[in-house]
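# Examining the three-dimensional arrangement
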Amino acid sequence: MTKPLTKDDYTPGGVTVHRDPERLRRVTRALRSAGRNIALVPTMGALHEGHRRLIREAHVLQNTVVVVSVFVNPTQFGEAADLERYPRDLDADVEVCRQERAPLVFAPEVATMYPAGSQVTLDPGPLGSELEGASRPGHFAGVLTVVSKLFNVVQPDYALFGEKDYQQLSLIGRMATDLNVPTAVVGVPTVRESDGLALSSRNRFLSESERESATALSAALVAGSHVSALGAEAVLSTARATLDAVPGLDLDYLELRAPDLGPAPVNGDARLLVAARVGSTRLIDNVPVLLGAGDE
């Protein structure tokens, strides 16, 4: 028999912050028993308009209660300095959740998610060592491990992720499929600033001049997509020319892939992805591309 929920467990119209996985699991189980669906929005905090879009899209799903997790996951950071400087402001994040009507926040401690002696992680497979994985060894093992933990705690019907982190989204979807996880992984289009820059918690680290240079990433992707009817070579050369014209931008990769991040097709749907460092800040972006459309 499911124990009735109290106002300390869940308050419609308010926000309840949970730190104990077992208690949150009991709450979501009770809500599911009452006929509600659970939608999880996993985040590392520093919530911005992109996260707000994820929460809003979660509300669109049928009969959902939204859970926002706020956890800076140490196992996906390669450099200790990056982990230390990642922005943290739980009070501000909770306020965003309040404004967006997300009633449950899961904000566990690191020791709770990774008890002493933890050893088991998830292997992301070959794709985990390509693109972002080539520059950040072990990153996706950390991502998939923590997402798996969050899925086990929250047991969501849906989990929403932004397309800005397209490789992450692809690998999480593959994990759910390969491991028979009963959670629908939902991708949400990238939210951008008025100048095209993809929203990211890391944008706050850019100086004024660096931020101006950073807009070259989205500009290059748009330029490349505009010549997609001419084929893959035209897309890449056009995008690269845009990037090459901007000083102070250290390109990591610019690649055209299939939607599942396999080799790009000659014609049809594809994905154009870019990563670059602007000053000390590493940024990524991507757009969908339809190759050879003009030949139809």
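An unreviewed UniProt entry lists the protein chain under the name Pantothenate synthetase, with Actinosynnema mirum given as the organism. In its Sequence similarities (unreviewed entry) section, UniProt records this for the protein chain: "Belongs to the pantothenate synthetase family."

Another aspect to go through is the domain arrangement of the protein chain. With domains assigned, the protein chain is organised as domain 1 (7–188) and domain 2 (203–291). Across the contact, 15 residues belong to domain 1 and 17 residues belong to domain 2. For the pairing of domain 1 and domain 2, the buried interface totals around 1500 Å² over both sides, and the portion due to carbon and sulfur atoms is 50%. Of all residues in domain 1, Arg85, Leu131 and Tyr166 bury the most surface against domain 2, accounting for 45% of the area lost on that side. For Arg271, the salt bridge identified is with Glu163, shortest N-O distance 3.0 Å. Seen at the junction of domain 1 and domain 2, the total is 10 residue pairs in polar contact (both at pLDDT 80 or more). Where the side of domain 1 that touches domain 2 is concerned, the elements lending two or more residues are α6 (132–135) and α8 (166–178). A per-element tally of the side of domain 1 that touches domain 2 places α8 first, with three residues. Of the residues in the side of domain 1 that touches domain 2, the class split is five nonpolar, three polar and seven charged.

Our focus in this paragraph is the sheet that holds strand β7 (residues 249–257). Pairing in this open sheet of three strands is antiparallel, and the strands run β7-β8-β9 from one edge to the other. With partners counted over all chains shown, the strands left at the sheet margins are β7 and β9 (281–291), one partner each. If you compare each strand with its neighbour and ignore which way they point, the axes differ by 15° on average. Examined bridge by bridge, strand β8 (residues 268–278) and β9 share 11 bridges and lie antiparallel to one another. Paired with Arg271 across the bridge in β9 is Pro288.

On to the packing of helix α9 (residues 208–226) against helix α10 (residues 232–244). Between α9 and α10, the shortest axis-to-axis distance is 8 Å and the interhelical angle comes to 155°. With respect to each other, α9 and α10 are oriented roughly antiparallel. As for how α9 packs across α10, the hand of that crossing is right-handed. For the pair α9 and α10, the contacting residues are Ala216, Leu217, Ala219, Ala220, Ala223 and Gly224 in the first and Val235, Thr238, Ala239, Thr242 and Leu243 in the second. Of the residues belonging to the contact of α9 with α10, the class tally is eight nonpolar, three polar and no charged.

All right, on to unusual backbone geometry then. Even without a glycine there, the phi angle at Ala46 is positive, about 50°. Summarising the element assignment, Ala46 is placed in the loop between β2 (37–43) and α2 (49–60). The phi dihedral of Gln155 is positive, around 55°, even though this residue is not glycine. By the element assignment, Gln155 lies in the loop between α7 (139–154) and β5 (158–162).

A ring pair, where both rings are aromatic, is described by two values, the distance of the centres and the angle of the planes. Overall, the coordinates contain two aromatic pairs when judged by the stated rule. Its end group placed over the ring of Phe205, Arg85 keeps NZ or CZ at 4.1 Å from the ring centre.

By secondary structure assignment, the location of Arg52 is in helix α2. We classify Arg52 as buried; its relative accessible area is 16%. Contacts of Arg52, omitting those with residues within four sequence positions, involve Val96, Gln99 and Glu100.

What counts and how
- Residues numbered from 1 in each chain as written.
- Predicted model: local features only at pLDDT ≥ 70, side-chain atom pairs only at ≥ 80, totals over all residues.
- Heavy atoms only, no water.
- UniProt positions renumbered as here; feature names shortened; annotations may be inferred.
- Domains from an automatic or database assignment.
- Contact = heavy atoms within 4.5 Å.
- Buried area = accessible area lost by both parts, 1.4 Å probe.
- Salt bridge = Lys/Arg side-chain N within 4 Å of Asp/Glu carboxyl O.
- Polar contact = N/O pair within 3.5 Å; in protein donor to acceptor, adjacent residues only side chain to side chain.
- Helix = DSSP H or I, 4+ residues; strand = E, 2+ residues; numbered from the N terminus.
- Nonpolar A, V, L, I, M, F, W, Y, C, P; charged D, E, K, R; others polar.
- Pairing = 2+ DSSP bridges.
- Axes fitted to C-alpha atoms, helices over the stretch in contact; angles between N-to-C directions.
- Parallel < 35°, antiparallel > 145°, perpendicular 65-115°, else oblique.
- Left-handed = near helix turned anticlockwise from the far one by under 90°.
- Phe/Tyr/Trp six-rings, centres within 6.5 Å; stacked < 30°, edge-to-face > 60°.
- Lys NZ or Arg CZ within 6 Å of the ring centre and 35° of its normal.
- Buried < 20%, exposed > 50% of the residue type's maximum accessible area, 1.4 Å probe, protein only.

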